[in-house]
Amino acid sequence: MRRDVIAAGTDRRPSAELAEQAQHLTKQLADTQHELDRVSVAEQVVTQMLAEPESAGQDTPAQAPGATTSAPADSGFVIVPHRHQVSGADELPADYQLLLQTVTDAAGPLICKHICHAAGLGTASGQVEGTRAKLNRLAERGWLRKMPAGSFAPPP
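All values derive from a computational prediction rather than experimental measurement.

Describing the environment of tyrosine 96
- Its location among the elements puts tyrosine 96 in helix H3 (residues 94–105).
- On the accessibility criterion, tyrosine 96 (3% relative accessible area) is buried.

So, in structure tokens, the structure goes:
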């Protein structure tokens, strides 16, 4: 019986498997550390953006007439200016102009799904939620008024 224990202890296969498993875990750890570094950088960027005062945009040079207010195409997002910062709705991106015009033309407040239908947009759940985010953005920036029931109306 003692020979079985000694023979099992000298078998190289389990140590090779352990080495392979250790190598796999080391790679997983490196990948996880890389992802953690990326999240940390993203957190710092968001914290900086939130810490900037709202009037920070006023310190930058004025835009030339007719200049767009959207971010560069590679930035991944569109900037919707506050209503008091621009001369009119024509400075909004086209999709926001369509939503604003649809709400303005309505006889009364509309819920998001009805706005999508009236604007000729899809009424699937994902499309409605994307539109709701845009409508909320317009409301936050003074272009629309969000009613207590969640519908949207032109500003007073």
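The rest of the description comes next.
Observations regarding the packing of H3 against helix H5 (residues 125–140)
- Close contact between H3 and H5 brings their axes to 10 Å; oriented N to C, the two are set at 75°. What the angle tells us is that H3 and H5 run roughly perpendicular. Residue-level inspection shows Asp95, Tyr96, Leu99, Leu100 and Val103 of H3 in contact with H5, the latter providing Thr131, Lys134, Leu135, Arg137 and Leu138.
- Each residue belonging to the contact of H3 with H5 can be placed in one class, and the counts come to six nonpolar, one polar and three charged.

Brief notes about a nonpolar patch on the surface
- There is a patch of nonpolar side chains on the surface, built from Val41, Val45 and Met49 and spanning about 270 Å² of accessible area.
- Along the chain, methionine 49 turns up in helix H2 (residues 13–51).
- For methionine 49, a relative accessible area of 52% gives the class exposed.

Considerations on the nonpolar core
- With 18 residues, the main nonpolar core has Leu92, Ile115, Leu135, Leu138, Trp143 and Leu144 as its most contacted residues.
- Put simply, the parts of the chain that give this core at least two residues each are H3, helix H4 (112–119) and H5.
- Among all residues touching isoleucine 115, those that are not within four sequence positions of it are Leu99, Thr102, Val103, Leu110, Leu135 and Phe152.

Some remarks on the pattern of salt bridges
- Inspection of the entire model under this criterion finds five salt bridges.
- We note a salt bridge from lysine 134 to aspartate 95, for which the minimum N-O separation is 2.5 Å. A residue pair is termed long-range when its members are at least 10 positions apart, and lysine 134 in helix H5 and aspartate 95 in helix H3 qualify at 39 residues.
- For lysine 134, a relative accessible area of 25% corresponds to the partly exposed category.
- Given the relative accessible area of 32%, aspartate 95 is considered partly exposed.
- In this structure, the salt-bridge partner of glutamate 140 is arginine 141, at a minimum N-O distance of 3.7 Å.

What counts and what doesn't
- Residues numbered from 1 in each chain as written.
- Predicted model: local features only at pLDDT ≥ 70, side-chain atom pairs only at ≥ 80, totals over all residues.
- Heavy atoms only, no water.
- Helix = DSSP H or I, 4+ residues; strand = E, 2+ residues; numbered from the N terminus.
- Buried < 20%, exposed > 50% of the residue type's maximum accessible area, 1.4 Å probe, protein only.
- Axes fitted to C-alpha atoms, helices over the stretch in contact; angles between N-to-C directions.
- Parallel < 35°, antiparallel > 145°, perpendicular 65-115°, else oblique.
- Contact = heavy atoms within 4.5 Å.
- Nonpolar A, V, L, I, M, F, W, Y, C, P; charged D, E, K, R; others polar.
- Patch = residues over 30% accessible without salt bridge, like charges linked within 9 Å, V, L, I, M, F, W, Y side chains within 5 Å.
- Areas by Shrake-Rupley, 256 points an atom, 1.4 Å probe, with all protein chains shown as cover.
- Salt bridge = Lys/Arg side-chain N within 4 Å of Asp/Glu carboxyl O.
- Core = buried A, V, L, I, M, F, W, Y, C linked by side-chain atoms within 4.5 Å.

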